[in-house]
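Here is what each chain is made of, one letter per residue.
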Amino acid sequence: MMYFANARVFDGTGRAPFAGEVLVEGNRIAAVGEAGTLARRDAEVVDCGGATLMPGMVEAHAHLSWPSSVGRIFDAMVLPPEEHLLVTARNARVTLEAGFTSAYSAGSLGPRFEIALREEIDGGWLPGPRLRASSLERLPDGALGLKADESHARTPEALRAYVREMAQSGVDSIKFLLSSDDAFTPGGSQKLTYRDEEVAAIGDEARSRGVYLACHAQAAEAVKRAARHGFRIVYHCSHADEEALDLLEAKKDEIFVAPAIGLIYTRVHEAEKWGIKPGTQKDMGAPAQLERMQKLYPKMRKRGIRVLPGGDYGFPYNPIGTNARDLQWFVELLGYTPVEALVAATKLGGELMGRGDKLGQIKAGYLADLLVVDGDPTRDVRILQDSSRLALIMKDGKVHKRARVLTEPERAPA
Ligand SMILES: [Zn+2]
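Criteria and cut-off values
Residues numbered from 1 in each chain as written. Predicted model: local features only at pLDDT ≥ 70, side-chain atom pairs only at ≥ 80, totals over all residues. Heavy atoms only, no water. Salt bridge = Lys/Arg side-chain N within 4 Å of Asp/Glu carboxyl O. Helix = DSSP H or I, 4+ residues; strand = E, 2+ residues; numbered from the N terminus. Buried < 20%, exposed > 50% of the residue type's maximum accessible area, 1.4 Å probe, protein only. Donors = N, O, S within 2.8 Å, 3.2 Å for Na, K, Ca; no water. Contact = heavy atoms within 4.5 Å. Polar contact = N/O pair within 3.5 Å; in protein donor to acceptor, adjacent residues only side chain to side chain. Pairing = 2+ DSSP bridges. Axes fitted to C-alpha atoms, helices over the stretch in contact; angles between N-to-C directions. Core = buried A, V, L, I, M, F, W, Y, C linked by side-chain atoms within 4.5 Å. Right-handed = clockwise from strand over helix to strand, strands pointing away.

Student: Account for the pattern of salt bridges, naming residues and giving values.
Tutor: Any two side chains of opposite charge can pair, on the condition that their charged atoms come close. Per the stated rule, a full pass over the model turns up 36 salt bridges. Taking the shortest distance from any N to any O, the salt bridge between aspartate 396 and arginine 130 comes out at 3.0 Å. Separated by 266 residues along the polypeptide, aspartate 396 in the loop between strand 15 (390–395) and strand 16 (398–402) and arginine 130 in strand 8 (residues 130–132) bring together distant segments of the chain. Under the relative-accessibility criterion, aspartate 396 is labelled partly exposed at 26%. Judged by its relative accessible area of 10%, arginine 130 is buried. Measuring nitrogen to oxygen at the nearest pair gives 3.6 Å for the salt bridge that ties lysine 358 to aspartate 357. Assessed through its relative accessible area of 26%, lysine 358 is described here as partly exposed. On the basis of relative accessibility, which here comes to 52%, the residue aspartate 357 falls in the exposed class. Linked by salt bridges that have partners in common, Glu157, Arg160, Arg164, Asp204, Glu205, Arg207 and Arg209 make up one network.

Structure, rendered in structure tokens:
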């Protein structure tokens, strides 16, 4: 048992932080109370010293197999499989150490990387976030110059078979690219990839197999198809029109959206070192996309659509481990308050993971995924980017990192 004393508790719901204490028993939060109200029993006491205790964060657009992470940058996106799997496992640890105790994958670069990784993490053999494991990202045959390939065949029946095959392989989520992107071909973000009857077949089959669907969707019609056909999370959405917003709002209890703004921000402002110059074709349309997002996402916020941080981390100029920057962009660029950004990263993240009744809040009975943060992220979310301020990281009741938060005997004067 572990007893967190002297904490400012941010419980993930949006309630103002309060002076409180939390008791963890096994992998669960056993009790939450105002300061001085809980029995310590025989628990180990962690004196938070007034630091903030908050739920672990959820990365809503994770690519753990995208190679680059803080401290280790790769130019290539694809490595030999042996290296690639090890790098993926390392990136899981880096993600956890950035304060993200859950990750919803937006696509893997190896068909079984994330399935294997999820088993290792869940078994407690490798450190990493709870993972919703994904398939590869799928495009239809002929899209983006793909050569004819049976695995990319495009008929409703072929897509049903693909969904079945993926569900059987053990992924939690299947990722489709429902539109192209300016990053792939100029003007691509307005081009659709699949036909509507194909997306309908995908949605229908996924529903009956109990597997989640995620999509890359820039074009308005791609967003609408995702909403109509039961996709769980829609990424980017930068060309969403009013009709698309109406559809997302009508389904707001079922669907999630993530702009993946981290990648777009760094592509515009920090990618020059990698040969991506703003105002040239190499910027992949990112400046215009960032501008569209800054107009669009404040509208989504007003409509109560569940928009989550998660930023396509893993590129050399947007490495894994800097994931908490997304919260800063929510506040500075998309019109969210710090508390709203934090709720999106915690409570709404738990809902995205499919475990809203157990994950993403500090509440009795919830899973003990907790951060002790030196400072007040409800005033300034940027402090979450500083790993030296993440004084303690707990996942599933196990302490992964503990620094500078002392137990009572350690704190006592000699
Ligand atoms: Zn992505």
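Student: An account of the coordination of the zinc ion is needed here, citing residue identities and associated values.
Tutor: At this site the zinc ion is bound by His61 (NE2), His63 (NE2) and Asp312 (OD), with donor distances of 2.0 to 2.1 Å. Each donor residue of the zinc ion belongs to the same chain, with the gaps between them written as H-x1-H-x248-D. Each member of the pair, histidine 61 as well as histidine 63, carries the same accessibility label: buried.

Student: Describe the environment of glutamate 137, naming the residues involved and giving the relevant values.
Tutor: Mapped onto the elements, glutamate 137 comes out in strand 9 (residues 134–138). Along the primary structure glutamate 137 and lysine 175 are separated by 38 residues, whereas in three dimensions their C-alpha atoms are 4.9 Å apart. Residues in contact with glutamate 137, not counting those within four places in the same chain, are His63, Trp66, Ala106, Gly107, Ser108, Lys175 and Leu177. At 2.9 Å, the side chain of glutamate 137 and the side chain of lysine 175 are in polar contact.

Student: Describe the sheet that holds strand 6 (residues 57–62), naming the residues involved and giving the relevant values.
Tutor: The 3 strands are arranged 6-7-8 in an open sheet whose pairing can be described as parallel. Both outer strands of the open sheet, strand 6 and strand 8, are each paired with one neighbouring strand and no more. For this sheet, the mean inter-axis angle between neighbouring strands, taken without regard to orientation, is 15 degrees. Note that strand 6 and strand 7 (residues 100–105) share 4 bridges and pair parallel. Bridging from a neighbouring strand, valine 58 pairs with serine 102 of strand 7.

Student: I'd like a rundown of the pairing of strand 14 (residues 370–373), residues and numbers included.
Tutor: Residues Leu370 and Val372 of strand 14 are buried on one face, and the alternating residues Leu371 and Val373, pointing to the opposite face, are buried as well. Pairing geometry for strand 14 and strand 15, over 4 bridges, is antiparallel. Counted as the bridge partner of leucine 370 is methionine 394 from strand 15.

Student: Describe in detail the nonpolar core, supporting the description with residues and values.
Tutor: Ranked by internal contacts, the top residues of the largest apolar core, which has 84 residues, are Phe176 and Met300. If you tally residues by element for this core, the top one is helix 8 (residues 286–303), at 6 residues. Once you skip the residues sitting within four places of it in the chain, methionine 300 turns out to touch Cys237, Leu245, Leu248, Val257, Ile305 and Val307. Phe4, Cys48, Ala391 and Met394 belong to the second-largest nonpolar core, a separate cluster that totals 20 residues.

Student: Explain the sheet that holds strand 11 (residues 212–217) to me, using residue names and the numbers behind them.
Tutor: Strand order in the open sheet formed by 5 strands is 9-10-11-12-13, and the pairing between neighbours is parallel. Each of the sheet's edge strands pairs with one partner strand only, and the pair in question is strand 9 and strand 13 (256–258). For this sheet, the mean angle separating the axes of adjacent strands, direction not counted, is 20 degrees. As paired elements, strand 10 (residues 173–177) and strand 11 share 5 bridges and run parallel to each other. Its bridge partner lying in strand 11, isoleucine 174 is registered against leucine 213.

Student: Outline the pairing of strand 12 (residues 233–236), supporting the account with residue identities and numerical values.
Tutor: Along a regular strand, successive side chains alternate from one face of the sheet to the other. The sheet contact formed by strand 11 and strand 12 spans 4 bridges and is parallel. Paired with cysteine 215 across the bridge in strand 12 is valine 234. As paired elements, strand 12 and strand 13 share 3 bridges and run parallel to each other. Residue pairing across strands places valine 234 opposite valine 257, the latter belonging to strand 13. Following the backbone out of strand 12, through helix 6 (residues 242–250) and into the adjacent parallel strand 13, one traces a crossover that is right-handed.

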